[in-house]
Amino acid sequence: TGGDWHEAADVYRAYAGREPIFIYLVALSTTLLGPTVFAIRVVAALVGVSTVLAAYLFARRPFGPATALAGSAMLAVLYWHVHTSRLGFRAILVPLLLTITLAVLWHAVGTGRARWYVIAGIFGGLTFYTYNAARFAAVLTVAFVLLQAVLNRRWLLDRWRKLGLAALALAVVVTPLALYFAQYPDDFFIRASQTTFLSPQAIGGNPLATLAESTWRTLAMFSYQGDWVVKYNLPGKPVFDLAASALFYA
């Protein structure tokens, strides 16, 4: 009904717009388990566990089963991942969908079969329905293709048609979301406008100082000092310990 549609739109547009996959999964979970905190958090927990499996499947082909097992085992006990997997926060879907996309794309490249490129495009499109930071996945994809064009043009020439199929599948999946943002363009930009160093809400009157501080905090979070907000982290804990940091920088 019209009333139901407006209520759904209000839920989606709440808090600077929310991509819907996590909302749909929570709706399914609360239908089965009841409207409880557990029903929300169990979705995030299952997503987090699934990401460990997806990481193994992604790394197995290019790096071998031993490295894939070691990497997925590290992810399974990485505090940041475990914390976010219990938070009931939609951002936990980004690593899962992005890792599945990369795993399927790598499989497509290995097998050369067009249908796997299409499936990779579908998962890539679904990634945009997870969290607004997933938009940067498109930047990574374009950068990868440009790098191949420079370093290994033959690789790109041999696969450009199949990569085009992946891009077409992605575009089809993203179209409903794109149409929504075309209708509500403020929802596309509002979160970025709140967090950019040029935002009046964030800069405190000095955009360059804000940019410098933000850059330092972002770089420091990996090994030196992490987020102090208890909702997202054990206050001050960096993402990696010393051993994992060495591997990360290497």
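Predicted model, so just to flag it, every value in this text is computed and none were measured. (Residues numbered from 1 in each chain as written. Predicted model: local features only at pLDDT ≥ 70, side-chain atom pairs only at ≥ 80, totals over all residues. Heavy atoms only, no water.)

Draft legend 1. Examining the side chain of Ser72 more closely. Positionally, Ser72 belongs in helix α4 (residues 65-77). A polar contact is formed between the side chain of Ser72 and the backbone oxygen of Leu69, at a distance of 3.1 Å. Once you skip the residues sitting within four places of it in the chain, Ser72 turns out to touch Val52, Ala55 and Tyr56. (Helix = DSSP H or I, 4+ residues; strand = E, 2+ residues; numbered from the N terminus. Polar contact = N/O pair within 3.5 Å; in protein donor to acceptor, adjacent residues only side chain to side chain. Contact = heavy atoms within 4.5 Å.)

Draft legend 2. Expanded view of the confidence of the model for the protein. Mean pLDDT for the protein: 86, with 91% of residues reaching 70 or above. No element of the protein has a lower mean pLDDT than helix α1 (residues 2-13), at 47, and none a higher one than α4, at 95. Across residues 1-11 the pLDDT falls below 50, and counting only partners more than four positions away or on other chains, this stretch makes two contacts in the model. (pLDDT = per-residue confidence, 0-100.)

Draft legend 3. Quick peek at helix α2 (residues 21-33). Here α2 spans 18 Å end to end across 13 residues, near enough to the 18 Å set by a 1.5 Å rise per residue. Where α2 is concerned, the buried positions are Ile21, Phe22, Val26 and Ser29. In an axial view of α2, the angular spread of the buried residues amounts to 125 degrees, which keeps them on one side of the axis. Residues Tyr24, Leu28 and Thr31 are exposed on α2 and point more than 90 degrees away from its buried face. (Expected span 1.5 Å × (residues − 1). Buried < 20%, exposed > 50% of the residue type's maximum accessible area, 1.4 Å probe, protein only. Arc of directions from axis to C-beta.)

Draft legend 4. The arrangement of the packing of aromatic side chains in detail. Considering all chains together, one arrives at ten aromatic pairs under this definition. A ring pair is formed by Phe89 and Tyr131, whose centres lie 5.6 Å apart and whose planes are at 75 degrees; its orientation type is edge-to-face. One end of the pair, Phe89, is in the loop between α5 (79-84) and α6 (93-111); the other, Tyr131, is in the loop between α7 (114-127) and α8 (136-151), and 42 residues separate them in sequence. Relative to Phe248, the ring of Phe222 has its centre 4.8 Å away and its plane inclined at 25 degrees; by these criteria the two rings are stacked. Residue Phe222 is located in the loop between α12 (207-220) and α13 (242-249), and its partner Phe248 is located in helix α13; the two are separated by 26 residues in the primary sequence. An aromatic cluster is present here, built from Tyr180, Phe181, Tyr184 and Phe188 joined pairwise through their rings. Directly above the ring of Phe188 sits Arg135, whose terminal nitrogen or CZ lies 4.0 Å from the centroid. (Phe/Tyr/Trp six-rings, centres within 6.5 Å; stacked < 30°, edge-to-face > 60°. Lys NZ or Arg CZ within 6 Å of the ring centre and 35° of its normal.)

Draft legend 5. Fine view of the environment of His83. Structurally, His83 is set in helix α5. C-alpha of His83 to C-alpha of Gly48: the two residues are 35 residues apart in sequence and 9.5 Å apart in space. Ignoring anything within four residues of it in the chain, the contact list for His83 reads Val230, Lys231, Tyr232, Asn233 and Leu234.

Draft legend 6. Region of the structure containing the pattern of salt bridges. Within this structure, the stated rule accounts for four salt bridges. Put simply, Glu19 and Arg135 hold a salt bridge, and the shortest N to O gap is 3.9 Å. Placement of Glu19 in the loop between α1 and α2 and of Arg135 in the loop between α7 and α8 is noted, with a sequence separation of 116 residues between them. Note on Glu19: relative accessible area 3%, which makes it buried. As a salt-bridge pair, Asp158 and Arg154 come within 3.4 Å of each other at their nearest N and O atoms. Here Asp158 and its partner Arg154 are both found in helix α9 (residues 153-183), four residues apart, which amounts to about one turn of the helix. Accessibility expressed as a relative area gives 53% for Arg154, which makes it exposed. Linked through salt bridges whose partners overlap, the residues forming this network are Glu19, Arg90 and Arg135. (Salt bridge = Lys/Arg side-chain N within 4 Å of Asp/Glu carboxyl O.)

Draft legend 7. View of the packing of helix α3 (residues 37-63) against α6. Following both chains from N to C, one finds α3 and α6 inclined at 25 degrees, their axes separated by 9 Å at the closest point. The angle between α3 and α6 places the two elements in the roughly parallel class. Every pair of crossing elements has a handedness; the one defined by α3 and α6 is left-handed. Between α3 and α6, the residues in contact are Val47, Ser50, Thr51, Ala54, Ala55, Leu57, Phe58, Arg61 and Pro62 and Leu93, Pro95, Leu96, Thr99, Ile100, Leu102, Ala103, Trp106, His107, Gly110 and Thr111, respectively. (Axes fitted to C-alpha atoms, helices over the stretch in contact; angles between N-to-C directions. Parallel < 35°, antiparallel > 145°, perpendicular 65-115°, else oblique. Left-handed = near helix turned anticlockwise from the far one by under 90°.)

Draft legend 8. Inspection of α9 at higher detail. The end-to-end C-alpha distance of α9 is 39 Å, clearly below the 45 Å that 31 residues give at a rise of 1.5 Å each. Along α9, the largest kink reaches about 60 degrees and is centred on Trp160. Within the sequence span of α9, burial applies to Trp155, Leu156, Arg159, Leu163, Ala166, Ala169, Val173, Val174, Leu177, Tyr180 and Phe181. (Bend = angle between axes of the 7 residues up to and from the residue.)

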